[in-house]
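Per-entry structural report
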Amino acid sequence: AQTVTQSQPEMSVQEAETVTLSCTYDTSESDYYLFWYKQPPSRQMILVIRQEAYKQQNATENRFSVNFQKAAKSFSLKISDSQLGDAAMYFCAYMTPGGSQGNLIFGKGTKLSVKP
Amino acid sequence: DVKVTQSSRYLVKRTGEKVFLECVQDMDHENMFWYRQDPGLGLRLIYFSYDVKMKEKGDIPEGYSVSREKKERFSLILESASTNQTSMYLCASSFTSGYTGELFFGEGSRLTVL
C-alpha cells in the first residue's frame, strides 16, 4: 500500500527566509502524482503545487518549488522569501492516475509558523 | 471561483444523536468526498461519490453513511454519534474529466460529541 510520510510535525521560519518541508512516500507504481496542499488557520485547504512523476523537471509556482527525487521517493517543498501568510498546515499527498478519482493519500501534515 | 460550502462550521451533539453534515459545491463537479482530519493523523477518506446516487467507501467508513441525491450536494450522516467521532470533517469536490488531483475543499465542520 502506498504511504506518505512527513517527518516534521512543526517547522518555523523567519519572515523573508527560506524553508524546506520534507515528504517521503512509498509506492511500487511508476506513474503517479504528488502534491502539496496548504491549510491556513480556519480557511479552506488549497493546492499549492503538483508534480507528475514522469516529469524530471521540478515544478515551481512563484515562491514555491519542489525537489522531486524519484529514486529516493522524496518530494520536498521549498518556500522562498517566506511571508506571514505562508503560516499554515502543509500536507503532502500522493495519487495514482486512473485509480479512484481523487483518492489522494495524505501525509500527517507539517505546521509551519512564520516569525516576523 | 469554485465554492464548496459546508453547512455548519461548529456543531456540538450528544452521544447517540443523529448528525447530518451537509456540503454543496457550485462548479458542477462529478466527484465529492468526505474526509476526517485529526491532529497527528492527517486526512482520512470516509466516503466519496463519483455520481449522483453513487458512493464508495473510503478508508474509515465505519459509523458513517452518505447521501448524494443531487449532483451539487453530498451529505455525511452519523447515525448514532459517539465521542470518538469528535473531529474536523472536510468536504471536497473535483472534476472527473481531465482530473489531475486538484481537490476543492470546504472550510470544514468541527464536530464535538459529548
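So, a few notes on the structure that sits alongside this text. (Residues numbered from 1 in each chain as written. Chains lettered and ligands numbered in written order. Predicted model: local features only at pLDDT ≥ 70, side-chain atom pairs only at ≥ 80, totals over all residues. Heavy atoms only, no water.)

The subject of this paragraph is the overall build of chain B. Within chain B, the regular secondary structure consists of 0 helices and 11 strands. Put simply, chain B runs from its N terminus to its C terminus through helices and strands in the order β-β-β-β-β-β-β-β-β-β-β. Computed over C-alpha atoms, the radius of gyration of chain B comes to 13 Å, within 12% of the 13 Å expected from 2.2 N^0.38 for 114 residues, which places it in the range of a compact globule. The buried share of chain B, taken over its 114 residues, is 46%. (Helix = DSSP H or I, 4+ residues; strand = E, 2+ residues; numbered from the N terminus. Rg over C-alpha atoms; globule rule 2.2 N^0.38 Å. Buried < 20%, exposed > 50% of the residue type's maximum accessible area, 1.4 Å probe, protein only.)

Phi is positive for K73 of chain A, which is not a glycine, with a value near 55°. Take K73 of chain A: it is sitting in the loop between β8 (64-69) and β9 (74-79). Overall, the relative accessible area of 26% leaves K73 of chain A in the partly exposed class. Here the phi dihedral of D28 of chain B falls at roughly 60°; this positive angle occurs in a residue that is not glycine. Mapped onto the elements of the fold, D28 of chain B is located in the loop between β3 (19-25) and β4 (31-38).

A few words now on the nonpolar core. Residues and elements named next belong to chain A. Counting residues in each nonpolar core, the largest one holds 25 residues, and the members touching the most others are Y25, W36, F75, L77 and Y90. Counting residues per element, the ones that place at least two in this core are β3 (19-21), β5 (33-39), β6 (46-52), β8, β9, β10 (88-95) and β12 (110-115). When residues in this core are grouped by element, the largest group, 4 residues, is from β10. Filtering out sequence-adjacent residues up to four positions away, F75 remains in contact with L21, S22, C23, Y25, L34, F35, W36, Q51, V66, N67, F68 and C92. (Core = buried A, V, L, I, M, F, W, Y, C linked by side-chain atoms within 4.5 Å. Contact = heavy atoms within 4.5 Å.)

Attention now goes to the layout of surface pockets. The volume enclosed by the largest pocket comes to roughly 440 Å³. Forming the walls of the largest pocket are 24 residues, and the residues nearest its centre are Q39 and M89 of chain A together with Q37, M88 and R110 of chain B. Broken down by secondary-structure element, the contributors of at least two residues to the lining of the largest pocket are β10 and β12 of chain A together with β4 of chain B. Here the residues of the lining of the largest pocket sort into 10 nonpolar, 7 polar and 7 charged. (1 Å grid on protein atoms, 1.4 Å probe; cavity = no way out; pocket = protein on both sides within 12 Å on 5 of 7 lines; lining within 4 Å. Points joined across faces, edges and corners; volume = space filled by probe spheres on them. Nonpolar A, V, L, I, M, F, W, Y, C, P; charged D, E, K, R; others polar.)

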